[in-house]
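# Examination of the molecular architecture
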Amino acid sequence: MKVLIAGGAGYVGSTIASACLDAGIGVVIVDSLVTGRREFVADREFYDGDIADGPLVDRIFAEHRDIYAVIHCAALIVVPDSVADPAGYYRANVVKSLDFVTHLLRNGCERLIFSSTAAIYRASEDLTVDEDSPVAPSSPYGHSKAMCEAIFADIASVHPLHVLSLRYFNPIGADPKMRTGLQLRRPTHALGTMIRAHDEGAPFLITGTDYPTRDGSGIRDYIHIWDLAAAHLAALGRFDALPGRALAINLGTGRGTTVRELLDAFNRAVEHPVRAREAARRPGDVVGAFTRIDRAQRLLGWVPQYDLHDGIRHSLQWAAIRDEILPGAVSE
Ligand SMILES: NC(=O)c1ccc[n+]([C@@H]2O[C@H](COP(=O)([O-])OP(=O)(O)OC[C@H]3O[C@@H](n4cnc5c(N)ncnc54)[C@H](O)[C@@H]3O)[C@@H](O)[C@H]2O)c1
């Protein structure tokens, strides 16, 4: 089996590529390196270019006639940037994805796995969601992902294409073999800022302490990146048995972790604990949610193998070697 991974030089795509290669699945990567890293594709079959480039996509399919499925991870993903530049985000994520799927259809692609996100949901009062929860994105980034899902579903209803949208919750950790990890030197999510606070001996800001959660801090569903990759392998294995022409499956752990709980777990993993300081919510912050994972279990036969502590441990391990593997000042 061979798969084409769009965005395979990024955090998620490069990890999926490693998992595929470990499982004996051939991998071809197309990536424009707008945020991805050449180091992550150094020993891989790689096409440097844009998913919207029709002749390039035609060439990839001509040179790899045995592509079984396409995994589409290529996107811009920074929520505040999408608020500042909605047109740019819709162009990058929606227009280019529409071009890409058109190129895929022309080349006879029948199986598409799309990287979607929990950011499309409005959570219920108990802060859980499942695939039938209301879709109500709160940012242009979230909208762009929901729009792609809708576009792909409409196309799949009249073309010989099946689409599986995997809605990721909050990926953390790194490849347990440390081949790849988060390429950003200064990630802005809670675990990233915790690691930075730890390195700098600074306090960690708990931004928002009046949310309707068990301890007032925001809640997330942290899924280990290797488990996320494993879910893609499971999806490839069962793709043709999945119901419908367009299906969505949530990928999380089924457990919510508050920011305070994350900090407690983090402090158990490090020698010098990080102090917490309470601060006001930042604009755009949301209480968060966690997912029920029945559908992933039932349809993919997949359950996460790693826990929060593994995710923290692997993130710390990766942060310690990141500059060695990814030298240079880019991707701050
Ligand atoms: N990381 C998360 O927290 C998260 C959560 C939910 C969903 N997702 C989704 O997962 C996917 C991958 O995210 P990530 O965290 O790996 O981000 P990333 O920025 O690390 O990876 C995205 C990759 O896509 C490439 N790319 C972007 N636009 C391209 C284009 N037009 N043509 C070719 N390549 C292009 C980038 O260079 C990069 O390598 C995205 O679609 C994102 O929406 C990520």
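Note: the structure precedes this text.
What you see is a predicted model, and the numbers here were worked out from it, not measured in a lab.

About the thresholds
- Every chain begins its residue count from 1, and numbering advances along the sequence as written.
- Side-chain atom pairs in this predicted model are given and counted only at pLDDT of 80 or more, local residue features only at pLDDT of at least 70, and totals for whole chains, interfaces and linings cover all residues.
- The basis for every side-chain value is the complete set of non-hydrogen atoms in the structure, without hydrogens or water.
- One side-chain nitrogen of Lys or Arg within 4 Å of one carboxyl oxygen of Asp or Glu is enough to make a salt bridge.
- In DSSP terms, a helix is any run of H or I states spanning at least four residues, a strand is any run of E spanning at least two, and both are numbered starting from the N terminus.
- Axes here mean lines fitted to C-alpha atoms, for a helix over just the part in contact, with angles spanning 0 to 180 degrees between N-to-C directions.
- Orientation labels follow simple angle bins: below 35 degrees gives roughly parallel, above 145 gives roughly antiparallel, 65 to 115 gives roughly perpendicular, and whatever is left gives oblique.
- Two helices that cross are described as forming a left-handed crossing if the nearer one is turned anticlockwise from the farther one by less than a right angle, and a right-handed crossing if clockwise.
- Contact definition: two residues touch when any of their heavy atoms are within 4.5 Å.
- Ten residue types, Ala, Val, Leu, Ile, Met, Phe, Trp, Tyr, Cys and Pro, are classed as nonpolar, four, Asp, Glu, Lys and Arg, as charged, and the remainder, Gly among them, as polar.
- Here, a strand pair is defined by DSSP locating no fewer than two bridges between the strands.
- Any residue with at least one heavy atom within 4 Å of a molecule or strand is counted as near it.
- Polar contact is the term for a pair of N or O atoms within 3.5 Å; when the atoms are in protein, one must be able to donate a hydrogen and the other to accept it, and sequence-neighboring residues count only if both atoms are side-chain atoms.
- Using a 1.4 Å probe, accessible areas were evaluated by the Shrake-Rupley method; residue-level cover was limited to the displayed protein chains.

## Overview of the pattern of salt bridges
- With the rule as written, the count across this model stands at 23 salt bridges.
- D240 is the partner of R111 in a salt bridge, and the nearest nitrogen-oxygen pair spans 2.9 Å. Of this pair, R111 sits in strand β5 (residues 111–117) while D240 is found in the loop between α7 (225–238) and β12 (246–251), placing the two residues 129 residues apart along the sequence.
- Linked by salt bridges that have partners in common, D22, D175, K177 and R179 make up one network.

## Things to note about the packing of helix α4 (residues 86–106) against helix α5 (residues 140–156)
- Two elements in contact, α4 and α5, have axes separated by 9 Å at closest approach and are oriented at 20 degrees. The angle between the axes of α4 and α5 places the two elements in the roughly parallel class. The two elements α4 and α5 meet at a crossing, and its hand is right-handed. Across from P86, Y89, Y90, N93, V94, S97, L98, V101 and L105 in α4, the residues of α5 making contact are P140, Y141, H143, S144, M147, C148, I151, F152 and I155.
- Split by residue class, the contact of α4 with α5 holds 14 nonpolar, 4 polar and no charged.

## Notes on the environment of P137
- With respect to the helices and strands, the residue P137 is situated in the loop between β6 (128–129) and α5.
- In this structure, the C-alpha to C-alpha distance between P137 and I120, residues 17 residues apart in sequence, is 4.2 Å.
- If we skip the residues at most four places from it in the chain, P137 touches A119, I120, G142, H143 and A146.

## Thoughts on the sheet that holds strand β4 (residues 67–72)
- Strand order across the open sheet formed by 7 strands is β3-β2-β1-β4-β5-β7-β12, with parallel pairing between neighbours. Strands at the two margins of the open sheet, each flanked by one partner only, are β3 (45–48) and β12. Within the sheet, the average angular offset between the axes of one strand and its neighbour, ignoring direction, is 20 degrees.
- Bridge analysis of strand β2 (residues 26–31) against β3 gives 4 bridges, and the strand direction is parallel. Counted as the bridge partner of V30 is Y47 from β3.
- Along the sheet face, helix α2 (residues 54–63) touches β1 (2–6), β2, β3 and β4 and points at about 160 degrees away from the line of β3.
- Set on the sheet, α4 makes contact with β1, β4 and β5; between it and β4 the angle comes to about 175 degrees.

## Some remarks on the site of the ligand
- Neighbouring residues of the ligand: 28 residues in total, closest V12, D31, Y141, K145 and Q183.
- One of the side-chain nitrogen or oxygen atoms of Y141 is found 2.6 Å away from an oxygen atom of the ligand.
- Between Q183 and the ligand, the recorded distance is 2.7 Å, taken from a side-chain N or O atom to an oxygen atom.
- Coverage of the ligand by the protein chains reaches 92% of its 810 Å² of free accessible surface.
- Going through the elements one at a time, α1 (11–22), β5 and α5 are the ones with two or more residues in the shell around the ligand.
- For the shell around the ligand, the leading source of residues is β5, giving 3 residues.

## Regarding the packing of α1 against α7
- Taken N-terminus to C-terminus, the directions of α1 and α7 make an angle of 60 degrees; their axes are 9 Å apart at the nearest point. As far as their axial angle goes, α7 and α1 are oblique. For the pair α1 and α7, the sense of crossing is right-handed. Across the interface between the two elements, Y11, V12, T15, I16, S18, A19, C20 and D22 from α1 touch I225, W226, L228, A229, H232, L233 and L236 from α7.
- A class-by-class count of the residues in the contact of α1 with α7 yields 11 nonpolar, 3 polar and 1 charged.

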